[in-house]
Amino acid sequence: MENIIPKLPETAKCKKCKARGEIRLPSHNTIFCRECFIRFCETAVSRAMEKFRIGNESELLVAVSGGKDSLAVWDLLNRLGYRTRGIHIDLGIENFSEASADAIADFASPRNLAWTRYSLKETFGWNVEEIRPRIRRSICSICGAIKRQMLNRLAMREGCQMLVSGHNLDDEAGRLLGNILRHRDQYVDKQYPYLPEIPGLMPAKVKPLYRLESHELRAYCRFSSIRPHSERCPLSRGATSHIVKEALEMIEERMPGTKRDFYFTYLKKRAAPVFEGGDIGVCRECGEPAYQDTCGVCTVRAQLLAGRKSKEPEAGDA
Ligand code: AMP
Ligand code: ZN
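Everything numeric in this text was worked out from a predicted model, so none of it was measured.

Parameters at a glance
Residues numbered from 1 in each chain as written. Chains lettered and ligands numbered in written order. Predicted model: local features only at pLDDT ≥ 70, side-chain atom pairs only at ≥ 80, totals over all residues. Heavy atoms only, no water. Near = heavy atom within 4 Å. Polar contact = N/O pair within 3.5 Å; in protein donor to acceptor, adjacent residues only side chain to side chain. Areas by Shrake-Rupley, 256 points an atom, 1.4 Å probe, with all protein chains shown as cover. Nonpolar A, V, L, I, M, F, W, Y, C, P; charged D, E, K, R; others polar. Pairing = 2+ DSSP bridges. Helix = DSSP H or I, 4+ residues; strand = E, 2+ residues; numbered from the N terminus. Contact = heavy atoms within 4.5 Å. Axes fitted to C-alpha atoms, helices over the stretch in contact; angles between N-to-C directions. Buried < 20%, exposed > 50% of the residue type's maximum accessible area, 1.4 Å probe, protein only. Right-handed = clockwise from strand over helix to strand, strands pointing away. Patch = residues over 30% accessible without salt bridge, like charges linked within 9 Å, V, L, I, M, F, W, Y side chains within 5 Å. Salt bridge = Lys/Arg side-chain N within 4 Å of Asp/Glu carboxyl O. Donors = N, O, S within 2.8 Å, 3.2 Å for Na, K, Ca; no water. Tetrahedral: all angles 85-135°; square planar, octahedral: opposite > 155°, others 65-115°.

**Quick notes on the site of ligand 1**
Looking at ligand 1, the residues that line it are A63, V64, S65, S70, I87, H88, I89, K147, S165, G166 and H167. Contact between ligand 1 and V64: a nitrogen atom at 3.3 Å from a main-chain N or O atom of the residue. Between ligand 1 and the protein, one listed contact pairs a nitrogen atom with a backbone N or O atom of I89 at 2.9 Å. Bound to the protein, ligand 1 loses 74% of the 480 Å² it would expose on its own. Of the residues assigned to the shell around ligand 1, the class counts are four nonpolar, six polar and one charged.

**Focus on the sheet that holds strand 7 (residues 194–195)**
Strand order in this open sheet of six strands is 5-4-3-6-8-7, and the pairing throughout is mixed. At either end of the open sheet lies a strand with only one pairing partner, and these are strand 5 (115–119) and strand 7. Where strand 6 (residues 162–164) and strand 8 (residues 204–206) come together, three bridges link them in parallel fashion. Across the sheet, the residue bridging to M162 is A204, located in strand 8. Contacting strand 3 (59–63), strand 4 (83–90), strand 5 and strand 6, helix 2 (residues 68–79) runs over the sheet at an angle of about 160° to strand 3.

**Topic: the pairing of strand 3**
Most of strand 3 is tucked away, with four of its five residues classed as buried. Tracing the backbone out of strand 3, into helix 2 and back to the parallel element strand 4 gives a crossover that is right-handed. Looking at chain direction, strand 3 and strand 6 are connected through two bridges and run parallel. Along strand 6, the bridge assignment pairs L61 with L163.

**Examining a nonpolar patch on the surface**
On the surface, M250, I251 and M255 cluster together into a nonpolar patch covering about 290 Å² of accessible area. Its location among the elements puts I251 in helix 10 (residues 240–254). For I251, a relative accessible area of 34% gives the class partly exposed.

**A short note on the coordination of the zinc ion (ligand 2)**
Every protein donor of the zinc ion (ligand 2) is listed here as C283 (SG), C286 (SG), C295 (SG) and C298 (SG), and their distances to the metal cover 2.2 to 2.4 Å. Considering all four donor atoms around the zinc ion (ligand 2), angles at the metal cover 105 to 115° and the coordination shape is tetrahedral. For the zinc ion (ligand 2), all donor residues lie on one chain, and their spacing in sequence is C-x2-C-x8-C-x2-C. Of this pair, C286 sits in the loop between strand 9 (281–282) and strand 10 (289–290) while C298 is found in helix 12 (residues 296–311), placing the two residues twelve residues apart along the sequence.

These results come straight from atomic positions and should not be treated as a statement about function.
Here it is in structure tokens:
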């Protein structure tokens, strides 16, 4: 795994129990031993779940990519006694998708956790590698929109009202900064780590890791012997979301705690999650939630179908 946890001097002590310190958390200005750090991660997730008022009675559908964040959130919820099931979308990216599914299987089997794998190709008709050369927009935003819609639909079909994702503090703070930089006020207003269910249309969207940083989750996996798929998606190189997160990380290195403060102050200013259903309608093509007449996924599908048609020989062609 990249970014190995920096080794602390032998004299470093856990600020909680005085045992040998194993991890430094600059944004909290503290050092923890392994056990106290794992408890810190559990507390972060249980505080998030309390804030969202989600009790142990509801079954949670965990969207798992095979990366460190989604495996960590699944593990933490499982440790805290939640009933969970995994759901994975096979995007059809050579080597990457196989390795992702292997990491999920290696995690889930010994813990007896159930999960289902759905293929994008079978569900949507094209996989990501086939979509990329056919559409001129950034593949990350297209892939994200299709994944979101598929996960929504599958959660509804499986009768699950809560869809959990592994988005962490770096993801959420990065997204907020990206939206502010571009003055996308309508997205800024909607961003919250918990969005309530829209009955019949959308499950609740739950991000229990919003209090934990990327490096903390990497350490959590290391200390809990979880072996995630550590590669970044090979198609996402140069994605703007990565650039914004890197910029935030640079600020964080020089001014520890800024990232946390930036996002948490934003959350504090918001009284409650915005009800996402306020201005949402349904797509006239597929009936899925949409802000316009036709959803983004149907627009992509129409372009793919048009491309396919234009390649077919016209009737009467020699
Ligand atoms: P990403 O947008 O790749 O940073 O992923 C954010 C979150 O979306 C992950 O933590 C997962 O919860 C979920 N996710 C990403 N890719 C997949 C996938 N292929 N199948 C299921 N869930 C996914
Ligand atoms: Zn649609």
